[in-house]
Amino acid sequence: KLPSQLGRLSSLTAIKLSSNKFEEPAPLSLCALGKLRDQLQDPGLCPPERTSLKYFYEFAKGNNWINNANWSEEYSNQCSWYGVTCKGGNVSSIDLQNNGLSGFLSSDIGSFPSLEKLNLTDNSMKGSIPSDIKNLDSLKKLLLSYNDFIGSVIHIPMELDSLELQSNRLTGSVTFGVSNKDDSYFVSDCGSPSWFKNVLICHECTQCCNLLNECEDTDQAESKWASTYGLLIVSFATIGICFITACVSWAVKHNSVV
């Protein structure tokens, strides 16, 4: 077994481990040494998804999480880490809702081809949502609500079952593929009032929330808008008819006097 002390050699720039029969896996801290990452390509010694999760952990200030069981264990399998679920040895779900995450979302989040669910709801994540998230070909549920994400929302090409982006400070427009499931739901801060002059656009959302955390089904909002618009038309039409009637009445009386 490779000693975990190797991971403390932060100045190490080269390492050769070929033609040996070391016990797998190698220490997590060694696999995650930035200067060695490209050299440690043996998936047995350094499983790529385990290394990517380590970077995710560091960027999200994992030492301060409410529960970070096994995330710092040098030789543990990533599928045993708190909040991580695997199928066939590949990460299929990362669910760390309300777990004290802060810091930033690492671009390594796009390194999980079998990931179906990413739930980081109700934390304190900052910065932008990495564009690398579009690489998650299997993603079905993207739940990032109640954080402090900022910036423009990226295009999400996958067909999602669920999307929750409300209670962040995102701008621009939300575009994504839509699943045909009847129980699909998509929520974002596309309601008014908003933090921004230009409200977030989300044509596919089933609910829009505003800065007061008030959420409304988009079909109800459209119905309310149509009702209000219709009422305005009727009101203006009534005023117009009354005006025309008054004018005709005045003209008749004036002609009678003449």
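Cut-off values and rules
- All chains use their own residue numbering, which begins from 1 and follows the written sequence.
- For a predicted model such as this one, the threshold for reporting local features is a pLDDT of at least 70, and the threshold for listing and counting side-chain atom pairs is 80 or more; totals across whole chains, interfaces and linings nevertheless cover every residue.
- The side-chain values count all of the structure's non-hydrogen atoms but skip hydrogen atoms and water molecules.
- Just to be clear on terms, a salt bridge is a Lys or Arg side-chain nitrogen sitting within 4 Å of an Asp or Glu carboxyl oxygen.
- In DSSP terms, a helix is any run of H or I states spanning at least four residues, a strand is any run of E spanning at least two, and both are numbered starting from the N terminus.
- Both site types are read off a 1 Å grid over the protein atoms alone. A 1.4 Å probe that fits but cannot get out defines a cavity, while an open set with protein on both sides within 12 Å along at least five of seven lines defines a pocket; lining residues have an atom within 4 Å of a point.
- Grid points are joined across faces, edges and corners, and a volume is the space filled by probe spheres set on the points.
- Under the scheme applied, nonpolar residues are Ala, Val, Leu, Ile, Met, Phe, Trp, Tyr, Cys and Pro; charged residues are Asp, Glu, Lys and Arg; polar residues are all the others, including Gly.
- We call Phe, Tyr and Trp rings a pair once their centres come within 6.5 Å, taking the six-membered ring for Trp, and we label the pair stacked below 30 degrees between planes, edge-to-face above 60, and tilted otherwise.
- For each residue, the accessible area found with a 1.4 Å probe, counting protein chains only, is set against the maximum for its type, and the residue is called buried under 20%, exposed over 50%, and partly exposed in between.
- Two conditions define a charge located above a ring, namely a distance within 6 Å from the ring centre to NZ of Lys or CZ of Arg, and an angle within 35 degrees of the ring normal.
- We call two residues in contact when some of their heavy atoms are within 4.5 Å.
- The pairing criterion for strands is at least two bridges between them, as found by DSSP.
- Lines fitted to C-alpha atoms define the axes here, with helix axes fitted over just the stretch in contact, and angles between the N-to-C directions of these axes take values from 0 to 180 degrees.

Draft legend 1. Highlighting the pattern of salt bridges. This structure, assessed with the given rule, holds 3 salt bridges. For lysine 87, the salt bridge is made with glutamate 116, and the minimal N-O distance between the two is 3.4 Å. A residue pair is termed long-range when its members are at least 10 positions apart, and lysine 87 in strand S1 (residues 84–87) and glutamate 116 in the loop between strand S2 (90–95) and strand S3 (117–119) qualify at 29 residues.

Draft legend 2. Seen up close, empty space enclosed by the protein. One pass over the structure, following the stated rule, counts 1 cavity of 30 Å³ or more. The space that makes up the largest cavity amounts to roughly 30 Å³. Taken together, Ile129, Ile133, Leu142, Val153, Ile154, Ile156 and Leu165 make up the full set of residues lining the largest cavity. Tallied by class, residues from the lining of the largest cavity come to 7 nonpolar, no polar and no charged.

Draft legend 3. Layout of the packing of aromatic side chains. The final tally for this structure, using the stated rule, is 7 aromatic pairs. Here the aromatic rings of tyrosine 57 and tryptophan 71 are separated by 5.7 Å at their centres, their planes lie at 15°, and the arrangement is stacked. Linking tyrosine 57 in helix H2 (residues 48–59) with tryptophan 71 in the loop between H2 and S1, this pair joins segments that are 14 residues apart in sequence. A relative accessible area of 1% places tyrosine 57 in the buried class. Geometrically, the ring pair formed by phenylalanine 176 and phenylalanine 186 is tilted, given 4.9 Å between the ring centres and 45° between the ring planes. One end of the pair, phenylalanine 176, is in strand S9 (residues 176–178); the other, phenylalanine 186, is in strand S10 (residues 185–188), and 10 residues separate them in sequence. Of the two residues examined, phenylalanine 176 and phenylalanine 186, each falls in the buried class. By the ring-pair criterion, three or more aromatic residues cluster together here, those being Phe56, Tyr57, Trp65, Trp71 and Trp81. Above the face of the tyrosine 75 ring, lysine 1 is positioned so that its terminal group lies 4.4 Å from the ring centre.

Draft legend 4. Spotlight on the environment of tyrosine 57. Residues tyrosine 57 and asparagine 68, spaced 11 residues apart in sequence, show a C-alpha to C-alpha distance of 9.0 Å. Apart from the residues within four sequence positions on either side, tyrosine 57 is in contact with Gly62, Asn63, Trp65, Asn68, Trp71 and Ser72.

Draft legend 5. Local environment of unusual backbone geometry. Cis geometry is adopted by the peptide bond preceding proline 25, which originates at glutamate 24 and carries an omega value of 0°. Among the structural elements, proline 25 can be located in the segment before helix H1 (28–31). The backbone phi angle of lysine 61 is positive, close to 55°, even though this residue is not glycine. Considering the arrangement of structural elements, one finds lysine 61 in the loop between H2 and S1. Taking relative accessible area as the criterion, lysine 61 reaches 44% and is therefore assigned partly exposed. Phi at serine 167 is positive, roughly 60°, even though this residue is not glycine. Tracing the backbone through its elements, the reader meets serine 167 in the loop between strand S7 (162–164) and strand S8 (169–171). Residue classification places serine 167 among the buried positions, given a relative accessible area of 17%.

Draft legend 6. Region of the structure containing the sheet that holds strand S12 (residues 215–217). The strand order across the open sheet built from 8 strands is S1-S2-S3-S4-S7-S10-S11-S12, with neighbouring strands paired in mixed fashion. Each end of this open sheet is capped by a strand with a single partner; those strands are S1 and S12. Ignoring which end each strand starts from, the neighbouring axes of this sheet average 20° apart. In this structure, S3 lies alongside strand S4 (residues 141–143), joined through 3 bridges in parallel fashion. Bridging from a neighbouring strand, leucine 118 pairs with leucine 142 of S4.

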